[in-house]
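Each chain, letter by letter, is given below.
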Amino acid sequence: NGGIIVTGTVSSLNYPTVNAVQANMAVPRNSAEFFDQRFDSVGAINSVFITKLNPVGGVEFSTYLGGSRL
């Protein structure tokens, strides 16, 4: 249908989500990394994002998928 799907890794707690299957990054909310938002190379928190753009320029959906340190 001409849509584009983009995927990759993200280490941000505020990636924009639209019609999300998983609206938040999977990270324990009581962890130091969550409160301090520390995303260094040794203890990085990573999740995958999937975003689908429709042919007329809008976002159909954008979601986190999975995560680390569950």
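This report concerns the structure included in the present document.

Rules behind the numbers
- Each chain carries its own residue numbering, running from 1 in the direction its sequence is written.
- Selection of residues for local features in this predicted model requires a pLDDT of at least 70, selection of side-chain atom pairs for listing and counting requires 80 or more, and totals for whole chains, interfaces and linings are taken over all residues.
- Hydrogens and waters are ignored; side-chain quantities use all the structure's heavy atoms.
- By the criteria applied, helices consist of DSSP H or I runs no shorter than four residues and strands consist of E runs no shorter than two, each listed in order from the N terminus.
- Two residues form a contact once any of their heavy atoms are found within 4.5 Å.
- Stacked, tilted and edge-to-face are the three classes applied to pairs of Phe, Tyr and Trp rings, where Trp contributes its six-membered ring and a pair requires centres within 6.5 Å; stacked means planes under 30 degrees apart, edge-to-face means over 60, and tilted covers the rest.
- Burial classes: relative accessible area under 20% of the type maximum marks a residue as buried, over 50% as exposed, and values in between as partly exposed (1.4 Å probe, protein chains only).
- Contacts described as polar in this section are N or O atom pairs within 3.5 Å, which, within protein, must combine one atom able to donate a hydrogen with one able to accept it, while residues neighboring in sequence count only if both atoms come from side chains.
- For two strands to be treated as a pair, DSSP must find at least two bridges joining them.

A few points about unusual backbone geometry
With phi around 50°, N19 is a residue other than glycine that occupies positive phi space. Note that N19 resides in the loop between β1 (4-10) and α1 (32-36).

Let's talk about the environment of F61
Tracing the backbone through its elements, the reader meets F61 in strand β3 (residues 59-65). Expressed as a C-alpha distance, the spacing of F61 and T51, which sit ten residues apart in the sequence, is 5.7 Å. Ignoring anything within four residues of it in the chain, the contact list for F61 reads V18, N19, I50, T51 and K52.

Description of the packing of aromatic side chains
Geometrically, a pair of aromatic rings is defined through the distance of the ring centres and the angle of the planes. According to the stated counting rule, one finds two aromatic pairs in the structure shown. Counting every residue linked through ring pairs, the aromatic cluster contains Y15, F49 and Y64.

Some words on the side chain of T51
The residue T51 is located in strand β2 (residues 47-53) in this model. A residue is classified by how much of its surface remains accessible, and T51, at 9% relative accessible area, is buried. Polar side-chain contacts of T51 include one of 2.9 Å to the side chain of S62. Excluding residues that lie within four positions of it along the chain, T51 makes contacts with I4, I5, V6, Y15, V59, F61 and S62.

Considering the pairing of β3
Note: β2 against β3, six bridges, orientation antiparallel. Looking at the pairing, K52 lines up with F61 of β3. Linking β2 back to β3 in an antiparallel pair, the connection comprises five residues, with G57 at a positive phi of about 100°.

Keep in mind that these numbers describe shape and distance, not what the molecule does.
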